[in-house]
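Summary of structural features
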Amino acid sequence: YRDLHTFELQAPTRLIEWARGNRVCVAGYGQSDGNEILQLIPPPTLLTKETQGLCPERDFKVECGGFSERPVYSLKHVPDTSLLVTSGPPDSSLQVWQVSAEDSDVIKCVSTLATENGTGQSWAKIATISAKAPWVLHGSRLDRVQITEVESRKNVYTAASRGSEELSGLTFLDCNTLALCCATGRLCLADIRQPQSLVEAAPAPSAPCREHWCMGTSHGAQGLEPSSQPLARLSSRGLITLTDLRKTSEFLALAKARVPSPGSGAEFLCVSWAPALEGYLAISGFDGTVHVYDTQSWDSSGREAEPVFIHKGHAFGGAGGSGDLPLVTVHTWHLQKPRTLLSAASDGSLHVWDWVQPCGKC
């Protein structure tokens, strides 16, 4: 490591979101009520563009917070606003939160976006954008994907699909195109200018047993064409597929990650591209580690890939109250620092770490 910061949260968190001013937002998922939503000020070394060496202040600080009556399974900051959008059981409705002004330390819920036929549906996956207006893309199943204007609550778009598969993730590729990933690995692209069009990309590789899949896309500038960086899909068996969004009918690359056998569930699977380091991605959700891979030499053979770095800090945190070892619930990359990542685990630990490139690959 070049640097490592740790922070202990009061409850397990399954999400980390960057907000305005390089703030970090986290929320709890473990309680039926009273789940915290916090906005944290990172250590000063994370607020500078270059590493400043030793710094007397190495901890996060809680800037403001609030409480959610339901578990928070997804949280997104609405760009260019002081709003957060969350979702979680028991239905697919969304909660909109206002991060308070400087004279207050309260994050409060200001509205609820009820979804059509939301009762009985699983919690909604969400993505946000503000290229045209503050929008939230949300849905729990392929045939229930919508875009809602956050402030007016107006429905902007509803996807047309004959399938009702469960979604594992969705995202804006730009202000007009969307990527939708089903838990089965099915990947679809949509154009909001053509509501009836839903293009299916390369299907997931066939497997002898049922797998759960998630996806990760690169951070492109809003309003620009979809990034040339591939879209990554990760399965609960450790398969990683890369798909070029300009040629979605085939795989660009296929590899097998060196991960343990999947447990009873795959709810914490996470794959993400480094926004400031071309060709690098990270995966987590299998155990107490985060793996970093360099994909630039990958091909379509499907052979096992060697990670360039493994973060094991959460695994050494000790067993939780149930006696189980901590499980990494989420990770994300720093938006400017190429090799800096944030990760959280089921024991409430939050780590920020900067990994060193192996000497042979400098």
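Residues numbered from 1 in each chain as written. Predicted model: local features only at pLDDT ≥ 70, side-chain atom pairs only at ≥ 80, totals over all residues. Heavy atoms only, no water.

When helices and strands are counted, the protein shows zero helices and 28 strands. Going through the 362 residues of the protein one by one, you find that 55% of them count as buried. Long-range contacts, defined here as pairs at least 24 residues apart, represent 52% of the contacts in the protein between residues at least 6 apart. In the form shown here, the protein has an accessible surface area of approximately 16300 Å², with 47% of it arising from carbon and sulfur atoms. (Helix = DSSP H or I, 4+ residues; strand = E, 2+ residues; numbered from the N terminus. Buried < 20%, exposed > 50% of the residue type's maximum accessible area, 1.4 Å probe, protein only. Contact = heavy atoms within 4.5 Å. Areas by Shrake-Rupley, 256 points an atom, 1.4 Å probe, with all protein chains shown as cover.)

Spatial strand order, 14-15-16-17: four strands in an open sheet with antiparallel pairing. With one partner strand each, in any of the chains shown, strand 14 (167-172) and strand 17 (198-200) form the two edges of the open sheet. In this sheet, neighbouring strand axes are inclined to one another by 20 degrees on average, regardless of whether the strands run parallel or antiparallel. Relative to strand 17, strand 16 (residues 187-191) runs antiparallel, the two being bridged by three bridges. When the bridges of strand 17 are listed, leucine 189 appears paired with valine 199. (Pairing = 2+ DSSP bridges. Axes fitted to C-alpha atoms, helices over the stretch in contact; angles between N-to-C directions.)

The next point concerns the sheet that holds strand 7 (residues 83-87). If you walk across this open sheet you meet the four strands as 6-7-8-9, and the pairing is antiparallel. Every other strand in the sheet has two partners, leaving strand 6 (74-77) and strand 9 (107-113) as the edge strands with one partner each. Taking each pair of neighbouring strands and ignoring which way they run, the sheet shows an average axis angle of 25 degrees. As defined by bridge partners, strand 7 adjoins strand 8 (residues 94-99) across five bridges and the pair is classed as antiparallel. Directly across from serine 87, in strand 8, lies its bridge partner leucine 94.

This next bit is on the pattern of salt bridges. Going through the model one piece at a time under the given rule, you end up with 11 salt bridges. Between arginine 23 and glutamate 63 there is a salt bridge, and its shortest N-O distance comes to 2.9 Å. A residue pair is termed long-range when its members are at least 10 positions apart, and arginine 23 in strand 3 (residues 23-28) and glutamate 63 in strand 5 (residues 61-68) qualify at 40 residues. Here arginine 186 makes a salt bridge to glutamate 165, at a shortest N to O gap of 2.6 Å. One end of the pair, arginine 186, is in the loop between strand 15 (177-182) and strand 16; the other, glutamate 165, is in the loop between strand 13 (155-158) and strand 14, and 21 residues separate them in sequence. (Salt bridge = Lys/Arg side-chain N within 4 Å of Asp/Glu carboxyl O.)

Moving on, we come to the packing of aromatic side chains. In total, this model carries seven aromatic pairs according to the counting rule given. Taking 5.8 Å as the distance between ring centres and 40 degrees as the angle between the ring planes, the aromatic pair formed by tyrosine 280 and tryptophan 355 counts as tilted. Of the two residues, tyrosine 280 sits in strand 23 (residues 280-284) while tryptophan 355 sits in the segment after strand 28 (349-354), which places them 75 residues apart along the sequence. Take tyrosine 280 and tryptophan 355: they sit in the same class, and that class is buried. Each ring, one from tyrosine 293 and one from tryptophan 298, has its centre 6.0 Å from the other, and the planes form 65 degrees; the classification is edge-to-face. We classify tryptophan 298 as buried; its relative accessible area is 16%. Among the aromatic residues, those joined into a cluster by ring pairs are Tyr280, Phe309, Trp353 and Trp355. Sitting above the plane of the tyrosine 73 ring, arginine 14 keeps its charged end 4.2 Å from the centroid. Looking at lysine 125, its charged tip hangs above the ring of tryptophan 123, at a distance of 4.1 Å from the centre. (Phe/Tyr/Trp six-rings, centres within 6.5 Å; stacked < 30°, edge-to-face > 60°. Lys NZ or Arg CZ within 6 Å of the ring centre and 35° of its normal.)

Keep in mind these values describe shape, not function.
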